[in-house]
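Structural overview
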Amino acid sequence: QQQVKQSPQSLIVQKGGISIINCAYENTAFDYFPWYQQFPGKGPALLIAIRPDVSEKKEGRFTISFNKSAKQFSLHIMDSQPGDSATYFCAASGRSNYQLIWGAGTKLIIKP
Amino acid sequence: ETGVTQSPTHLIKTRGQQVTLRCSSQSGHNTVSWYQQALGQGPQFIFQYYREEENGRGNFPPRFSGLQFPNYSSELNVNALELDDSALYLCASSLVIGQGYGYTFGSGTRLTVV
């Protein structure tokens, strides 16, 4: 019940295309859903996060879509650029947790 | 304002040895969390410290221990190293105790156990 399942494991998108990464969770006590971006040799950096009281949040080219009933959330990267090439992690936490529960990551490659 | 600084960046140890990893929190952050990230996986929560006391712990054995100092810097100690301890160790500081938001991560320490 503590798992967050992320797909796909890897993704190749043409420059200018839309990158979509999906995550699913089981624990209905989760109430915070962030996405992190990690470049090689660096720690994760918060990209965007959502709470379950909204179905969508947009920040620039990055959008989180949240489906509470399906217990799924996804990251959409519009107009994907080569600089977006990185590993993306979804995560979840709740008031009873002291921690973030992380997905396994998606390695995104944007082809020029 | 500085970010989170971890040292050393890379480390090679022999099985059975002990290791200490260090973390300097972002200015003003009073909570520090440690995560282990194995190659190709998401980070796994080790523990969190708030005001020098352990505030929560993940599924790691007691040979993983930590300290937080009055200036909010922190150490992660691992005794009796095993090959499976090879990983990237991440420190995250935050202003919020408990829930995993408001984190600022360091770049990590890459530990290799041979």
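An account of the accompanying structure is given in this report. (Residues numbered from 1 in each chain as written. Chains lettered and ligands numbered in written order. Predicted model: local features only at pLDDT ≥ 70, side-chain atom pairs only at ≥ 80, totals over all residues. Heavy atoms only, no water.)

1. Some remarks on the pattern of salt bridges
Close approach of charged atoms allows side chains with opposite charge to pair. To be explicit about the condition: Any carboxyl oxygen of Asp or Glu within 4 Å of a side-chain nitrogen of Lys or Arg constitutes a salt bridge here.
In total, this model carries eight salt bridges over all chains according to the counting rule given. Through salt bridges with shared partners, a single ionic network connects Arg63(B), Glu82(B) and Asp85(B).

2. Some points on the sheet that holds strand S6 (residues 56-59) of chain A
Residue and element names in this part refer to chain A. So the rule is basically this: Note on pairing: DSSP must find at least two bridges between two strands before they are called paired. Here a helix means four or more residues in a row that DSSP labels H or I, a strand means two or more in a row labelled E, and each is numbered from the N terminus. Axis lines are fitted to C-alpha atoms, over the contacting stretch for helices. Their N-to-C directions set the angle, which ranges from 0 to 180 degrees.
With antiparallel pairing, the five strands of this open sheet are ordered in space as S1-S3-S8-S7-S6. At either end of the open sheet lies a strand with only one pairing partner, and these are strand S1 (4-7) and S6. Strand after strand, the sheet turns through a mean of 15° between neighbouring axes, direction not considered. Note that strand S7 (residues 62-67) and strand S8 (residues 72-77) share six bridges and pair antiparallel. By the bridge assignment, Phe62 is partnered in S8 with Ile77.

3. Some points on a nonpolar patch on the surface
The cut-off we apply is this: Patch membership needs two things, relative accessible area over 30% and no salt bridge, and members are linked within 9 Å if like-charged or within 5 Å if nonpolar (Val, Leu, Ile, Met, Phe, Trp, Tyr). The Shrake-Rupley method, run with a 1.4 Å probe, gives the accessible areas here. Residue values count only the displayed protein chains as cover.
On the surface, a cluster of nonpolar side chains totalling about 240 Å² of accessible area is made up of Ile18(A), Ile20(A) and Met78(A). Considering the arrangement of structural elements, one finds Ile20(A) in strand S3 (residues 19-25).

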